[in-house]
Amino acid sequence: RAINYAPVALVTMAWPTDVLPPHLVGFGHLVPFKEEQEILGMTWDSCTFPQQAGAPFSSGPRPTRLTVFIGGTRRADGLRDLARGGIDDIAAVARRAARNHLGIDDAAAVCEVHYMDQAIPQYNVGHLDRIARVERLSARIDPRLTISGSLLYGVACNDIVAHARQTARRATFR
């Protein structure tokens, strides 16, 4: 009855100069599963957060930062196979994606890989009933006990923050 999780690898890459195509403006992109790509998507961090333009470089022209997302529930086995090969194999997927999706051939000056085998909780059939049971049991243990987190009602930051606020309001007015 445990909650299943999908693995995800985040690969953050940085270049000391602007290597993005000149027309590119935006947040990033997602890759539909039917496209049969190795990645879930990527964010163009230097476009999304231009105020952080110097990080990790202290000077010079506008640097580029990207984060490539690999894995997810439909690509779980492939990512776990990559992870067994080591972080260099995961980084190679991200470098290929930067080249294939954005035309970036230059080697990144920074390439950080973060692999999480249990990253995204999967809300399978019966999930809400399971969570309701857990909440009832915790209330019986101690009515002041509250549970919060991505495994409950949503994995997106806005879902987690909204639930945390609701939890804090309930705790405040007990």
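Just above sits the structure.
Residues numbered from 1 in each chain as written. Predicted model: local features only at pLDDT ≥ 70, side-chain atom pairs only at ≥ 80, totals over all residues. Heavy atoms only, no water.

(A) Region of interest: the overall build of the chain. Helix and strand counts for the chain stand at six helices and five strands. Written out in order from the N terminus, the α and β elements of the chain read β-β-β-α-β-α-α-β-α-α-α. Sorting the 174 residues of the chain into buried and exposed places 30% on the buried side. Within the chain, contacts between residues at least 6 apart in sequence are counted, and of these 71% link residues at least 24 apart. Carbon and sulfur atoms make up 55% of the accessible area of the chain, which totals about 10800 Å². Averaged over its 20 positive side-chain charges, the chain has a centre that lies 12 Å from the centre of its 17 negative ones. (Helix = DSSP H or I, 4+ residues; strand = E, 2+ residues; numbered from the N terminus. Buried < 20%, exposed > 50% of the residue type's maximum accessible area, 1.4 Å probe, protein only. Contact = heavy atoms within 4.5 Å. Areas by Shrake-Rupley, 256 points an atom, 1.4 Å probe, with all protein chains shown as cover. Lys, Arg positive; Asp, Glu negative; His and termini not counted. Charge placed at Lys NZ, Arg CZ, Asp CG, Glu CD.)

(B) Representation of unusual backbone geometry. With a phi close to 55°, Glu-36 is a non-glycine residue in the positive phi region. Positionally, Glu-36 belongs in the loop between strand E2 (28-30) and strand E3 (41-43). Using a relative accessible area of 71% as the deciding quantity, one classes Glu-36 as exposed.

(C) Spotlight on the sheet that holds strand E5 (residues 110-121). Judged by pairing direction, the sheet is antiparallel, and its five strands sit side by side in the order E2-E3-E4-E1-E5 without closing on themselves. Each edge of the open sheet carries a strand with a single partner, namely E2 and E5. Averaged over neighbouring strand pairs, the angle between their axes works out to 20° when direction is ignored. Packing of helix H2 (residues 76-85) onto the sheet brings it into contact with strand E1 (5-15), strand E4 (64-71) and E5, and relative to E1 it is tilted by some 60°. (Pairing = 2+ DSSP bridges. Axes fitted to C-alpha atoms, helices over the stretch in contact; angles between N-to-C directions.)

(D) Seen up close, the nonpolar core. Membership of the largest hydrophobic core comes to 25 residues, with the highest contact counts inside it found for Val-11, Ile-39, Leu-66, Val-68, Ile-70, Leu-102 and Ile-104. Contributing elements (two or more residues each) for this core: E1, E4 and helix H3 (87-102). Looking at which element gives the most residues to this core, the answer is H3, with seven residues. Ignoring sequence-local partners within four residues, the contact set of Ile-39 consists of Val-31, Val-68, Phe-69, Ile-70, Arg-75, Val-93, Ala-97 and His-101. (Core = buried A, V, L, I, M, F, W, Y, C linked by side-chain atoms within 4.5 Å.)

(E) Spatial organisation of H3. In this model, H3 (16 residues) spans 22 Å end to end at C-alpha, consistent with the 22 Å of a helix rising 1.5 Å per residue. Regarding H3, the residues found buried are Ile-90, Ala-91, Val-93, Ala-94, Ala-97, Ala-98 and Leu-102. Along the axis of H3, the buried positions cluster into a sector of 150°, meaning they face one direction only. For H3, exposure combined with an orientation more than 90 degrees from the buried face picks out Asp-88 and Asn-100. One or two positions beyond H3, positive phi appears at Gly-103, with a value near 75°. (Expected span 1.5 Å × (residues − 1). Arc of directions from axis to C-beta.)

It is worth stressing that arrangement in space is one thing and function is another; only the former is reported here.
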